[in-house]
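Chain and residue survey
Given next are the chains, with one letter for each unit.
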Amino acid sequence: MSYLRDNCQLLSLSEMILDNCGEFSCGNADLDDFFLNDSLKYKKELLGKTYCFVSNIDNNEIVAMFTLSNDSVRVDIIPNNRGKRLNKQIPYEKRMRRYPAVLIGRLGVNLKYRHLGIGSQVLDFIKSWFVDEQNKTGCRFLIVDAYNEDSLLNFYTQNGFEFLFSSESQEAENLGYSHDTHLKTRLMYFDLRVLVNE
């Protein structure tokens, strides 16, 4: 059973929703600040669009929010082994230097709804959204720039995401930092083609 499917409606975040729904906090000050203060500015500038699942039973409370924007996976900047691994999944005649992707820029679950599997349900929804026949664009990958914290990295790994770079030091060097730099976030991806093959 899916809590989101059975008890919520998906809406595009608006000023009215923020005004009419109860306070939202996912427990991360940076994410909370983005959703409550910056997400609508990103929408206005066409930099990202935020969606929310609003409860039908709990006084229109926001259960979860996520922000999406267009992106790409650039195989030409990924070290050879990882780039070859990505390319290997794509027929030779269709291989490119970059592949269409959607960035899940932010994802937060209301603290009141923790431990119900909501985060995984949101990811499952996004995955299904971009393999649906009604989707208006080609999208091969989902990308996240996940906070470099074990619990969050494990969450994405358990939901089928893989690291774009094989190690943190490799990713740091590719971003122009010293190899021993501790990164705030790690790039991860999910290949949507696996869902089409199921």
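Structure's up top.
Report follows, based on the coordinates. (Residues numbered from 1 in each chain as written. Predicted model: local features only at pLDDT ≥ 70, side-chain atom pairs only at ≥ 80, totals over all residues. Heavy atoms only, no water.)

**A word on the overall build of the chain**
On a plain count of helices and strands, the chain comes out with eight helices and seven strands. Taking all 198 residues of the chain together, the buried fraction comes to 42%. Total accessible area on the chain is roughly 11500 Å²; 47% of this is exposed by carbon and sulfur atoms. (Helix = DSSP H or I, 4+ residues; strand = E, 2+ residues; numbered from the N terminus. Buried < 20%, exposed > 50% of the residue type's maximum accessible area, 1.4 Å probe, protein only. Areas by Shrake-Rupley, 256 points an atom, 1.4 Å probe, with all protein chains shown as cover.)

**Focus: the pattern of salt bridges**
Summed over the entire model, instances satisfying the criterion amount to five salt bridges. Here Asp-38 and Lys-41 are joined by a salt bridge, their closest N and O atoms 3.9 Å apart. Placement of both Asp-38 and Lys-41 in helix H3 (residues 29-44) is noted, with a separation of three residues, approximately one turn of the helix. Residue Asp-38 is classed as partly exposed on the basis of its relative accessible area, which comes to 25%. When the shortest N-O distance is used, the salt bridge between Glu-61 and Lys-112 registers 2.6 Å. Placement of Glu-61 in the loop between strand E2 (49-55) and strand E3 (62-74) and of Lys-112 in the loop between strand E4 (98-109) and helix H5 (118-131) is noted, with a sequence separation of 51 residues between them. Glu-61 sits in the buried class, given a relative accessible area of 11%. Judged by its relative accessible area of 59%, Lys-112 falls in the exposed class. (Salt bridge = Lys/Arg side-chain N within 4 Å of Asp/Glu carboxyl O.)

**A word on the state of the cysteines**
In the structure shown here, the tally under the stated rule is zero disulfides. As a non-bridged cysteine, Cys-8 has Cys-52 as the owner of its nearest cysteine sulfur, 9.8 Å distant. (Disulfide = S-S within 2.5 Å.)

**Comments concerning the nonpolar core**
Among the nonpolar cores identified, the biggest contains 29 residues, and Ile-104, Ile-118, Val-122, Leu-142 and Phe-161 are the most heavily contacted of them. Of all the secondary-structure elements, those providing two or more residues to this core are helix H1 (3-7), E2, E3, E4, H5, strand E5 (141-147), helix H6 (150-158) and strand E7 (185-191). In terms of residue count, H5 provides more of this core than any other element does, five residues in total. Ignoring sequence-local partners within four residues, the contact set of Ile-104 consists of Thr-67, Leu-68, Leu-123, Ile-126, Leu-142, Ile-143, Val-144 and Phe-161. Counting 14 residues, the second-largest nonpolar core is a separate cluster that includes Cys-26, Phe-35, Ile-62 and Tyr-147. (Core = buried A, V, L, I, M, F, W, Y, C linked by side-chain atoms within 4.5 Å. Contact = heavy atoms within 4.5 Å.)

**Let's talk about H5**
The terminal C-alpha atoms of H5, which comprises 14 residues, lie 20 Å apart, in line with the 20 Å expected from a rise of 1.5 Å per residue. Within H5 the residues assigned to the buried category are Ile-118, Gly-119, Gln-121, Val-122, Leu-123, Ile-126, Lys-127 and Phe-130. (Expected span 1.5 Å × (residues − 1).)

**Details of the packing of aromatic side chains**
Enumeration according to the criterion identifies 17 aromatic pairs in this entry. Ring geometry for Tyr-3 versus Tyr-113: centroids 5.8 Å apart, planes at 50°, classification tilted. On the criterion of sequence distance, the pair formed by Tyr-3 in helix H1 and Tyr-113 in the loop between E4 and H5 is long-range, its members being 110 residues apart. The pair Tyr-3 / Tyr-113 is uniform in exposure class, with both members buried. Members of the aromatic cluster, joined through ring pairs, are Tyr-51, Phe-53, Phe-66, Phe-125, Trp-129 and Phe-130. Positioned over the ring face of Phe-34 is Arg-106, at 4.1 Å from the centre of the ring. The ring of Phe-190 has Lys-127 sitting right over it, with the charged end atom 4.1 Å from the ring centre. (Phe/Tyr/Trp six-rings, centres within 6.5 Å; stacked < 30°, edge-to-face > 60°. Lys NZ or Arg CZ within 6 Å of the ring centre and 35° of its normal.)

Such coordinate-based values are descriptive only and should not be taken to indicate function.
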